[in-house]
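# Structural characterization, general
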Amino acid sequence: MLQIQQYSDSGDSDPDENQTAHLKPLESGKSISTISLAVCAAPDVTPTGPSDSLQFVDITTKELTRNLKYEELFAPEVGPENPFLTQQQRAKKNMLAGFVEQAHISEFQFENQRRTFSSYGYALDPTVDCESEGKTVVGATLAAADSAMKTVFEASTKRPLDKRKRNKNDDPSDIEGFLGPWGCYEDEKRVMKPNEAEAEELEEYLAKKQKRGKQTDDKPLEEKTVLHIKDSVDYQGRSFLHVPQDVGVNLKSETPPDRCFLPKSHVHTWQGHSKGISAIRWFPHSAHLLLSCSMDCRVKLWEVYKERRCIRTYYGHRQAVRDIAFNNPGTQFLSAAYDRYIKMWDTETGECISRFTSRKIPYCIKYHPDDDKQNLFVAGTSDKKIICWDIRSGEIVQEYDRHLGAVNTITFVDENRRFVTTSDDKSLRVWEWDIPVDMKYIADPSMHSMPAVTPSPNHKWLACQSMDNKIVIFSALNRFKLNRKKTFSGHMVAGYACSLDFSPDMSYIISGDADGKAYVWDWKTTKLFSKWQAHDNVCIAVLWHPHEPSKVATAGWDGLIKYWD
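Report follows, based on the coordinates.

## Looking at the overall build of the protein
- For the protein, the helix and strand inventory stands at 6 helices and 33 strands.
- The buried share among the 565 residues of the protein stands at 39%.
- Taking all contacts inside the protein whose residues are at least 6 apart in sequence as the whole, residues at least 24 apart take part in 45%.
- Accessible surface computed for the protein: about 36100 Å², of which carbon and sulfur atoms make up 51%.

This is the structure:
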């Protein structure tokens, strides 16, 4: 190292004594320059270890805050040894229980010896080479000696069933008598037949069981009808189907009332059914008659005006009647019951015209609304199908089979070119008529089953009774979209197929509920306008009269039909 020092021109200062070289002063008062040389004796050596030093980690550390190198992770332990550890604790471990060395052994042999040791208490010593040093046993040596060191896979004492002798014939040249592996035991009985005493006891038991069981008579019940009025025709020879014109209301009018009002009082009660009512229907167009079906297996026809009598009762089902439907003129109607039969009746005479069955329970029925297709009707059944029958031939002409649950409702929309069905599978499907593949499928995780659906008078909306105690509205044109702004709530219908209806001018929507009440909402604002106790039990059906501004019919499970105004 070379150092150059400069001194000022003061005469008092002397150069340092350790300087190795001096320059003579040239003139007095001038500065003196000094050169100092230093020598480094350490030689240049290339380092042998890694350039950066390793950082050791405490083995008790629970958390590492940086990525360690392999050398740091697997470095040997450094530091003083714990003097209090036992010899077992000091032993080197590579797992929790100790140190495991890698060894190659047959999986079957290992499992064989393990099971033998757990069953019999002995096994071959794995540390000894059996080929060179002979077999040595670990564990119960006496038991091993007694059983000749048989393993669990070798030891097999004969079981009692193994002692039975088989018929053997393994000679393949004996074509007739060859048995092979199919030979039976010598004392084997192939046919187990009860003895005489057991046979008598068994016959007696079966006879009792058949008597106790229900009659499984699938034949349809013989139909009959009862006319309850003396004057089935008037002085001009017109039957009760003729629309009356002296009731103060034009029942043949095509236009609805200008303004509808809420019903205020109870006007009349129709009594006659002995059990709960399941559905009621107005006579088409005029609504001067009312048809009802009940769980007492009967269908009844009632007068709406004048004396309001029961006109006719139709008997023909073994079990409860589920649904009814008029054809367009009202001369015939269908009844569907839990006895799996759909029957077509003549409304005036009460004669059963024909019967239809698919061996499944029909839940809903509908005639095709077009006048030129009155020979066709559809029924939703318990086996997830919508079946179309032709009345003329009595045969099924189409099946719509896409639902995943029993079909509850069928509603025609879009000028009867399409129909909408709801089901227990919590979905709504739209079908083109006569095409058995749904054109639209509406299902949402928030949707519930909708067992009652009613189209609005202007055919733009579908009101669906949802099982979450709401009435939801779907568009009935093109998109079939849920109208989230229109939801009617406040009633309790969960578990019941309570039907609903619109007022003719579409200003109100009315529904029954499980407590027997009737609820009326405003269509535009969805506000609850009125509610009243209509029945003692479930109010299952409500119908607003199509020509009267404030008259409503309700039916309940108390067997009554009530008329309100």
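## Here's the deal with the layout of surface pockets
- There is about 790 Å³ of room inside the second largest pocket.
- Each residue belonging to the lining of the second largest pocket can be placed in one class, and the counts come to 12 nonpolar, 4 polar and 8 charged.

## Comments concerning the sheet that holds strand β32 (residues 552-556)
- Taking strand neighbours across the sheet as the criterion, the 4 strands line up as β6-β33-β32-β31 in an open arrangement whose pairing is antiparallel. Each edge of the sheet is formed by a strand with only one pairing partner; in this case those strands are β6 (266-270) and β31 (539-544). Averaged over all pairs of adjacent strands, the angle between their axes in this sheet comes to 20 degrees, without regard to strand direction.

## Overview of the side chain of lysine 300
- Structurally, the position occupied by lysine 300 is in strand β9 (residues 298-303).
- We note that lysine 300 is buried and unpaired, the nearest opposite charge coming from aspartate 296 at a distance of 6.2 Å.
- Separated by 2.9 Å, the side chains of lysine 300 and threonine 313 make a polar contact.
- In contact with lysine 300, not counting residues within four places along its chain, are His228, Gly272, His273, Leu290, Leu291, Ser292, Cys310, Arg312 and Thr313.

## Concerning a nonpolar patch on the surface
- A cluster of nonpolar residues, Val57, Leu64, Tyr70, Leu73 and Phe74, forms a patch on the protein surface that exposes about 550 Å² of accessible area.
- Here tyrosine 70 shows up in helix α1 (residues 70-73).
- We classify tyrosine 70 as exposed; its relative accessible area is 58%.

## Section: the nonpolar core
- Residues Ile280, Trp282, Leu290 and Ile561 are the most contacted members of the largest nonpolar core, which totals 23 residues.
- Elements with a contribution of two residues or more to this core: β7 (277-282), β31, β32 and β33 (561-564).
- The next biggest cluster of nonpolar side chains, apart from the first, holds 19 residues, and it includes Ile229, Leu289, Leu291 and Phe333.

## Quick notes on the pairing of β31
- The buried count for β31 comes to 6 of 6 residues, which makes it a mostly enclosed element.
- Two elements, β31 and β32, share 5 bridges in a ladder whose sense is antiparallel. The residue of β32 that forms the bridge with cysteine 539 is glycine 556.

## Considerations on the state of the cysteines
- Evaluation of the coordinates by the stated rule reveals 0 disulfides.
- Take cysteine 498: it sits in no disulfide, and the sulfur closest to it among the cysteines is that of cysteine 539, at 6.9 Å.
- A relative accessible area of 0% means that cysteine 498 is categorised as buried.

## Brief notes about the sheet that holds strand β11 (residues 321-326)
- The 4 strands are arranged β11-β12-β13-β14 in an open sheet whose pairing can be described as antiparallel. What marks the edges here is a single partner per strand, and that holds for β11 and β14 (352-356). Averaged over all pairs of adjacent strands, the angle between their axes in this sheet comes to 20 degrees, without regard to strand direction.
- Looking at chain direction, strand β13 (residues 342-346) and β14 are connected through 4 bridges and run antiparallel. Each bridged residue has a counterpart across the sheet, and for methionine 344 the counterpart in β14 is serine 354.

## A word on unusual backbone geometry
- In this structure, arginine 340 is a non-glycine residue whose phi angle is positive, near 75 degrees.
- Turning to its location among the elements, arginine 340 is positioned in the loop between β12 (332-337) and β13.
- Despite not being glycine, lysine 384 has its phi angle at roughly 70 degrees, a positive value.
- Relative to the elements of secondary structure, lysine 384 occurs in the loop between β16 (376-381) and β17 (386-390).
- With relative accessibility at 37%, the residue lysine 384 sits in the partly exposed group.

## Digging into the pattern of salt bridges
- For the coordinates displayed, the defined rule picks out 23 salt bridges.
- Arginine 281 serves as the salt-bridge partner of aspartate 323, at 2.8 Å between the closest nitrogen and oxygen. Of this pair, aspartate 323 sits in strand β11 while arginine 281 sits in strand β7, placing them 42 residues apart in sequence.
- Owing to a relative accessible area of 29%, arginine 281 belongs among the partly exposed residues under this scheme.
- With a closest N to O distance of 3.3 Å, arginine 392 and aspartate 390 form a salt bridge.
- Each member of the salt-bridge network shares a partner with another, and the members are Asp414, Glu415, Arg417, Arg418 and Glu432.

## Regarding the packing of aromatic side chains
- Throughout the structure, instances matching the rule amount to 29 aromatic pairs.
- Here the aromatic cluster, defined as three or more aromatic residues joined through ring pairs, consists of Trp461, Phe488, Phe502, Tyr519, Trp521 and Trp523.
- When the ring centre of tyrosine 363 is taken as reference, the NZ or CZ atom of arginine 322 above it lies at 4.7 Å.
- In this structure, lysine 486 is placed above the aromatic ring of tryptophan 523, and the distance from its NZ or CZ to the ring centre is 4.9 Å.

## A closer look at the pairing of strand β23 (residues 452-455)
- For β23 and strand β24 (residues 461-466), the ladder comprises 4 bridges, and the chain directions are antiparallel. By the bridge assignment, threonine 454 is partnered in β24 with alanine 463.
- Counting the residues between successive antiparallel strands, the hairpin from β23 to β24 contains 5 residues, one of them, histidine 459, with a positive phi of roughly 60 degrees.

## Observations concerning the side chain of arginine 418
- Following the sequence through the fold, arginine 418 ends up in strand β20 (residues 418-423).
- Of the polar contacts made by the side chain of arginine 418, one reaches the side chain of glutamate 432; its length is 3.3 Å.
- Residue contacts for arginine 418: discarding those within four places in its chain leaves Thr411, Phe412, Val413, Val430, Trp431, Glu432, Trp433, Met439, Asn478 and Phe480.

## Remarks on the environment of isoleucine 365
- Along the chain, isoleucine 365 falls in strand β15 (residues 362-367).
- Since its relative accessible area comes to 1%, isoleucine 365 is described here as buried.
- Along the sequence, isoleucine 365 and phenylalanine 377 sit 12 residues apart, while their C-alpha atoms lie 7.1 Å from each other.
- Among residues more than four places away in sequence, those in contact with isoleucine 365 are Asp323, Ile324, Ala325, Leu334, Ser335, Ala336, Ile342, Val378 and Ala379.

Definitions and cut-offs
Residues numbered from 1 in each chain as written. Predicted model: local features only at pLDDT ≥ 70, side-chain atom pairs only at ≥ 80, totals over all residues. Heavy atoms only, no water. Helix = DSSP H or I, 4+ residues; strand = E, 2+ residues; numbered from the N terminus. Buried < 20%, exposed > 50% of the residue type's maximum accessible area, 1.4 Å probe, protein only. Contact = heavy atoms within 4.5 Å. Areas by Shrake-Rupley, 256 points an atom, 1.4 Å probe, with all protein chains shown as cover. 1 Å grid on protein atoms, 1.4 Å probe; cavity = no way out; pocket = protein on both sides within 12 Å on 5 of 7 lines; lining within 4 Å. Points joined across faces, edges and corners; volume = space filled by probe spheres on them. Nonpolar A, V, L, I, M, F, W, Y, C, P; charged D, E, K, R; others polar. Pairing = 2+ DSSP bridges. Axes fitted to C-alpha atoms, helices over the stretch in contact; angles between N-to-C directions. Lys, Arg positive; Asp, Glu negative; His and termini not counted. Salt bridge = Lys/Arg side-chain N within 4 Å of Asp/Glu carboxyl O. Polar contact = N/O pair within 3.5 Å; in protein donor to acceptor, adjacent residues only side chain to side chain. Patch = residues over 30% accessible without salt bridge, like charges linked within 9 Å, V, L, I, M, F, W, Y side chains within 5 Å. Core = buried A, V, L, I, M, F, W, Y, C linked by side-chain atoms within 4.5 Å. Disulfide = S-S within 2.5 Å. Phe/Tyr/Trp six-rings, centres within 6.5 Å; stacked < 30°, edge-to-face > 60°. Lys NZ or Arg CZ within 6 Å of the ring centre and 35° of its normal.

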